[in-house]
Amino acid sequence: MSTEHSSIPATEAKSAAQAEFAGRTALVTGGASGIGLALARRLAAGGAAVVVADYDEKNARKAAAELESSGARAAAVAMDVTDAASVEAGVRFAVDTFGALHLAANNAGVAGVASPTGEYPVEDWNRVVATNLSGVFHSLRYELPAIVEAGGGAIVNMSSILGTNGFAGSPAYVAAKHGVVGLTKTAALEYAARNVRINAVGPGFIDTPLLKNADPAAREHLVSLHPAGRLGTAEEVAELAAFLLSDKASFIHGSYHLVDGGFSAP
Ligand code: NAD
């Protein structure tokens with residue numbers, strides 16, 4: 001019996017990984033922190049030119065500088081996803097800077113306050129829906145023509161486990177994330193024949209700055225909701241999003257994929 005095995009030499013494995021997104025330009029909204037930053041790093045490691053788009057301009061620049069120092073092509077752009085004109089300008093910036101847009105992750109989001117629906121502050125409702133739902137629409141609105149113009153590509157929209165489950169005290173967040181799932185499916189139907197795949201990701205609770213306001217007891221409660229017995233990491237979500245953006249996911253259109261430590265299994 002042969003003792004040979006099929007492991008790929010490290011140098012070949014590295015160049016295969018770098019080829020994954022070679023020649024592609026990716027835009028990541030909310031790319032300055034948490035899941036978006038982990039995804040920007042993952043796409044850059046796979047060879048993509050990455051545009052980090054965020055309304056936190058300072059951290060967006062810091063993220064792009066980090067990617068460049070690791071040898072990737074990267075740029076930062078100040079973008080407020082609640083503002084359609086800002087998103088349009090950010091997408092134009094990506095195309096002007098790197099020549100075309102092929103991939104996008106519509107990930108920018110905010111948590112909102114915790115309050116029952118009958119007491120929920122109207123301003124917070126408007127802010128959460130403007131960011132987490134209209135922000136995804138604005139992004140699709142300007143990314144889709146650019147990606148079609150480039151000959152096709154893929155988009156991932158960041159939903160949540162709360163894209164299909166209710167969650168007491170988070171009416172705006174839950175409604176917006178459900179909306180993202182419906183918007184994803186609709187856009188996917190419209191653009192499948194134009195060679196653009198659009199999917200949604202549903203993370204469980206993930207240990208990022210988004211949860212910074214959770215006190216230790218609230219955090220412990222969130223952990224207890226996951227059969228895995230812990231919160232997820234930004235890298236675990238980024239890995240799924242990167243797969244959906246890659247050619248390995250070539251027959252995956254209009255679907256919603258969980259990465260939730262078993263939260264939704266019961
Ligand atoms: P985060 O706070 O670490 O990062 C969010 C990023 O979005 C920040 O860089 C912020 O500046 C940016 N942002 C917020 N509003 C913006 C706007 N109007 N325009 C442009 N940028 C804006 O949070 P995260 O946990 O990495 O969240 C990323 C996405 O994942 C969000 O859509 C969030 O709802 C979703 N998500 C998070 C969790 C979690 O538990 N952390 C779970 C499920 C889904």
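Above this text sits the structure in question.
Since we're looking at a predicted model, the values are computed, not measured.

Participant: Mind showing me how you'd approach the sheet that holds strand β2 (residues 49-54) here?
Facilitator: Backbone hydrogen bonds are what pair the strands of a sheet, in a parallel or an antiparallel way. Judged by pairing direction, the sheet is parallel, and its 7 strands sit side by side in the order β3-β2-β1-β4-β5-β6-β7 without closing on themselves. Here the strands that pair on one side only, and so sit at the sheet edges, are β3 (74-78) and β7 (256-259). The sheet shows a mean angle of 20 degrees between the axes of neighbouring strands, direction not considered. Here 5 bridges tie β2 to β3, and the two strands are oriented parallel to one another.

Participant: Sorry, what's going on with the nonpolar core here?
Facilitator: Across soluble globular proteins, nonpolar side chains show a tendency to be buried alongside one another. Judged by nonpolar contacts, the single largest core of 36 residues is most densely connected at L43, V50, L67 and V201. Those elements giving two or more residues to this core turn out to be β1 (25-29), α2 (34-45), β2, α3 (57-69), β3, β4 (103-106), β5 (153-158) and α8 (234-245). Top element by residues in this core is α8. It accounts for 8 residues. Excluding anything up to four places from it in sequence, L67 contacts A40, R41, A44, V50, V52, A72 and A74.

Participant: Help me understand the site of the ligand, please; the structure alone is not making it clear to me.
Facilitator: The ligand sits among 30 residues. The nearest are S33, D54, Y173, I206 and T208. Measuring from an oxygen atom of the ligand, one finds a backbone N or O atom of I206 at 2.8 Å. In the environment of the ligand, an oxygen atom lies 2.5 Å from a nitrogen or oxygen atom belonging to the side chain of T208. Starting from 830 Å² of accessible surface for the ligand in isolation, the protein chains cover 94%.

Participant: Before we go on, may I ask you to explain the layout of surface pockets in this structure?
Facilitator: The method is simple in principle: a probe with the dimensions of a water molecule rolls over the atoms, and the space it marks as empty is what remains. In this structure, the second largest pocket spans a volume of roughly 190 Å³. Taken together, 13 residues make up the lining of the second largest pocket; nearest its centre are A44, A45, S70, G71 and A72. Of all the secondary-structure elements, those providing two or more residues to the lining of the second largest pocket are α2 and α3. Considering each element in turn, the lining of the second largest pocket owes the most residues, 3 residues, to α2.

Participant: Before we go on, may I ask you to explain the side chain of N157 in this structure?
Facilitator: In this fold, N157 is placed in strand β5. Residue contacts for N157: discarding those within four places in its chain leaves N106, V136, L140, V180, T184, I198, N199, A200 and V201.

Participant: Sorry if this is basic, but what is going on with the packing of aromatic side chains here?
Facilitator: Between two aromatic rings, the relevant description is the distance of the centres plus the angle of the planes. Here the structure, examined in full by the defined rule, presents 2 aromatic pairs. Each ring, one from F167 and one from F205, has its centre 5.4 Å from the other, and the planes form 45 degrees; the classification is tilted. With F167 in the loop between β5 and α6 (171-191) and F205 in the loop between β6 (196-203) and α7 (216-224), this pair connects stretches of sequence that are 38 residues apart. By relative accessible area, which is 26% here, F167 ends up partly exposed. Here F205 falls in the buried class, since its relative accessible area comes to 13%. Measuring from ring centre to ring centre gives 6.3 Å for F205 and F263, while their planes differ by 55 degrees; the resulting arrangement is tilted. Taken together, the residues F205 in the loop between β6 and α7 and F263 in the segment after β7 connect sequence positions 58 residues apart. The burial state of F205 is the same as that of F263; both residues are buried. By way of ring pairs, the aromatic residues F167, F205 and F263 are connected into one cluster. The positively charged end of R194 is found above the aromatic ring belonging to Y191, 4.3 Å away from the centroid.

Each value, and the rule that gives it
- Residues numbered from 1 in each chain as written.
- Predicted model: local features only at pLDDT ≥ 70, side-chain atom pairs only at ≥ 80, totals over all residues.
- Heavy atoms only, no water.
- Pairing = 2+ DSSP bridges.
- Helix = DSSP H or I, 4+ residues; strand = E, 2+ residues; numbered from the N terminus.
- Axes fitted to C-alpha atoms, helices over the stretch in contact; angles between N-to-C directions.
- Core = buried A, V, L, I, M, F, W, Y, C linked by side-chain atoms within 4.5 Å.
- Buried < 20%, exposed > 50% of the residue type's maximum accessible area, 1.4 Å probe, protein only.
- Contact = heavy atoms within 4.5 Å.
- Near = heavy atom within 4 Å.
- Polar contact = N/O pair within 3.5 Å; in protein donor to acceptor, adjacent residues only side chain to side chain.
- Areas by Shrake-Rupley, 256 points an atom, 1.4 Å probe, with all protein chains shown as cover.
- 1 Å grid on protein atoms, 1.4 Å probe; cavity = no way out; pocket = protein on both sides within 12 Å on 5 of 7 lines; lining within 4 Å.
- Points joined across faces, edges and corners; volume = space filled by probe spheres on them.
- Phe/Tyr/Trp six-rings, centres within 6.5 Å; stacked < 30°, edge-to-face > 60°.
- Lys NZ or Arg CZ within 6 Å of the ring centre and 35° of its normal.

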